[in-house]
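Chain by chain, the residues run as shown.
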Amino acid sequence: MTEIGEIEGIDTPFYLYDIDLLRRTLQKVCDNASRYGFFVHYALKANFEPRILQEVKSFRLGTDCVSGGEVRASVEAGFDPAGIVFAGVGKRDDEIEYALEKGIFAFNCESLEELEVIDGIAAKSGRRARVALRINPDVDPQTHKNISTGQADSKFGIAYTEIEEAIERAESLRNTDIVGLHFHIGSQITNLKVFEYLCKRVVSIMSWFEGRGVKITYVNVGGGLGINYESPRTEPIPDFDTYFRIFADNLPLRPDQTLHFELGRSIVAQCGALITKVLYNKKTASGKNYVLVDASMTELIRPALYGAHHHIENLTPHDGTEVYSIAGGVCESSDIFARDITLPVTERGDLLALHSAGAYGQSMASCYNMRPLPRSVYYTEVDGIE
Ligand SMILES: *Cc1c(COP(=O)(O)O)cnc(C)c1O
């Protein structure tokens, strides 16, 4: 990673991306995927910064999109439409139309009504739609409730109790080919046993479909592999070896079947940090020390939204330590990055790094309180800071 001297003059706050680490991570993903013949679609919503997309594209990944805007961004960044998958519970008609026109690989369809809408739009535009049914397998991902998507009462996917009806309806569609099944049960999954359990569910749901005459050639198990937020420096690259091996070992495929993944966080989270400057120190009546910084929930909303933990480091050297809560300046009580953490003595002008901010940081940024969107800075060993 960079030395503080290299970033000292840059206006804060900003996202700092370690492009070398991103490349090493992508290489690891590709090595594993090619070992087993798996396909990986990068989940654009984790980070759609153009420079990041260029790096992802250079490793020949497909993309996973959850809006027409993301399909468009993929196409404009030069990704092959034949590698684009499109999920999302609320696809608008114009988004479906656009994706059909571009000839994407598949729609991951999330309800029976959507299935008929896609078929109708395909008819009108004289095209055939390739569709995978997103099945909600009712698997507990054992992660934060706000990033769980695969349990029975979730808004995502087609209920497994409805799959009989889904097949019946699919048979009457004239412009749609049901090519496969899709699953995505949640994000930041760190108990890898969960993926073993997912495999078991996928195997049984697949054979159920095939038993009813629906030939499944495309199987998509989504994303969700978690990263180490506690200690990003000791585990900069997630354990892709174990992750992919679990699927290779537990999900037997025929030669005509391909297995697809949609990884977001695990690819980009650790390569990004949010760099912020300390503005003020203050003490509450109860004796709590607050450090107010110039970043806020508008640059990194995860702590406010999910109570998420990001490792915070003071890059400016000081002697002694103190217990601090680190807060942003936005007018929301939840705009707090960390509560009661021990840091080196922290003074106005110090630079802090909020680590693991490469996923769901910049992509969730807003202009709330009329704050400007911050810039991105990229680091490589060869070119230094750009
Ligand atoms: C968000 C999302 C992903 C990516 O999840 P990560 O936890 O970032 O890997 C994959 N598939 C779908 C359908 C998603 O909505």
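Residues numbered from 1 in each chain as written. Predicted model: local features only at pLDDT ≥ 70, side-chain atom pairs only at ≥ 80, totals over all residues. Heavy atoms only, no water.

**Student:** Account for the side chain of His184, with residues named and values stated.
**Tutor:** Along the polypeptide, His184 turns up in the loop between β8 (176–182) and α8 (193–211). Of note is the side chain of His184, whose polar atom sits 3.0 Å from the backbone nitrogen of Gly223. Residues in contact with His184, not counting those within four places in the same chain, are Arg134, Thr149, Gly150, Gly222, Gly223, Gly224 and Glu262. (Helix = DSSP H or I, 4+ residues; strand = E, 2+ residues; numbered from the N terminus. Polar contact = N/O pair within 3.5 Å; in protein donor to acceptor, adjacent residues only side chain to side chain. Contact = heavy atoms within 4.5 Å.)

**Student:** Can you explain the packing of helix α4 (residues 68–76) against helix α5 (residues 93–102)? Please cite residues and give values.
**Tutor:** In the contact formed by α4 and α5, the axes pass within 9 Å of each other and the chain directions differ by 25 degrees. By the angle between their axes, α4 is roughly parallel relative to α5. Viewed along their axes, α4 and α5 form a crossing whose handedness is left-handed. Residues Gly68, Gly69, Val71, Arg72 and Val75 of α4 form the contact with α5, whose participating residues are Glu95, Tyr98 and Lys102. Each residue belonging to the contact of α4 with α5 can be placed in one class, and the counts come to three nonpolar, two polar and three charged. (Axes fitted to C-alpha atoms, helices over the stretch in contact; angles between N-to-C directions. Parallel < 35°, antiparallel > 145°, perpendicular 65-115°, else oblique. Left-handed = near helix turned anticlockwise from the far one by under 90°. Nonpolar A, V, L, I, M, F, W, Y, C, P; charged D, E, K, R; others polar.)

**Student:** Tell me about the pairing of strand β10 (residues 258–263), and please be specific about residues and values.
**Tutor:** Counting buried residues in β10 gives five out of six residues, a clear majority hidden from the surface. One ladder, built from four bridges, connects strand β2 (residues 39–43) with β10; its direction is parallel. Within β10, the position partnered with His41 by the bridge is Glu262. Both strand β9 (residues 218–220) and β10 contribute to a ladder of three bridges, which runs parallel. Looking at the pairing, Tyr218 lines up with Thr258 of β10. In this view, the connection linking β9 to its parallel neighbour β10 by way of helix α9 (residues 240–250) has right-handed handedness. (Buried < 20%, exposed > 50% of the residue type's maximum accessible area, 1.4 Å probe, protein only. Pairing = 2+ DSSP bridges. Right-handed = clockwise from strand over helix to strand, strands pointing away.)

**Student:** I'd like a rundown of the pairing of β2, residues and numbers included.
**Tutor:** Each regular strand shows side chains that alternate between the opposite faces of the sheet. In terms of burial, β2 is a largely internal element, four of the five residues being buried. Where β2 and strand β3 (residues 62–65) come together, three bridges link them in parallel fashion. In the strand pairing of β3, Ala43 is matched with Asp64. Assessed by its sense of winding, the connection that carries the chain from β2 through helix α3 (residues 50–58) to β3 is right-handed.

**Student:** Pulling in residues and values, what's your account of the site of the ligand?
**Tutor:** In the vicinity of the ligand there are 16 residues, among which Lys45, Ser187, Glu262, Arg265 and Tyr360 approach most closely. At a separation of 2.7 Å, an oxygen atom of the ligand approaches a polar side-chain atom of Lys45. Separating an oxygen atom of the ligand from a backbone N or O atom of Arg265 is a distance of 2.8 Å. For the ligand, the protein covers 95% of the area, taking 390 Å² as the surface of the free molecule. The site holding the ligand turns out to be the largest pocket. (Near = heavy atom within 4 Å. Areas by Shrake-Rupley, 256 points an atom, 1.4 Å probe, with all protein chains shown as cover. 1 Å grid on protein atoms, 1.4 Å probe; cavity = no way out; pocket = protein on both sides within 12 Å on 5 of 7 lines; lining within 4 Å. Sits in = over half its atoms within 2 Å of the grid points.)

**Student:** Kindly report on the nonpolar core, identifying the contributing residues and their values.
**Tutor:** Counting residues in hydrophobic clusters, the biggest one holds 101 residues, and the most contacted among them are Tyr42, Phe107, Leu133, Phe209, Phe247, Phe261 and Ile326. Broken down by element, this core gets its largest block of residues, eight residues, from α8. For this core, the two domains that each supply at least three residues are domain 1 (4–13 + 270–385) and domain 2 (19–268). Ignoring any residue separated from it by four or fewer positions in sequence, one finds Phe261 in contact with Phe38, Phe39, Val40, His41, Asn220, Val221, Gly222, Tyr243, Phe244 and Phe247. Within the second largest apolar cluster, ten residues are counted, among which are Ile10, Ile275, Leu351 and Ala353. (Core = buried A, V, L, I, M, F, W, Y, C linked by side-chain atoms within 4.5 Å. Domains from an automatic or database assignment.)

**Student:** If you had to explain the domain arrangement of the chain to someone new, which residues and values would you point to?
**Tutor:** Reports of interface size often rely on the accessible area that becomes lost once the parts have come together. For the chain, the assigned domains read domain 1 (4–13 + 270–385) and domain 2 (19–268). The straight-line distance from the C-alpha centre of domain 1 to that of domain 2 is 32 Å. If you look at the interface, domain 1 gives 22 residues, while domain 2 gives 24 residues. For the pair domain 1 and domain 2, the two sides together bury roughly 2,300 Å², of which 52% comes from carbon and sulfur. It is Gln270, Tyr360 and Tyr378 in domain 1 that bury the most area against domain 2; as a group they hold 31% of the surface buried on that side. (Buried area = accessible area lost by both parts, 1.4 Å probe.)

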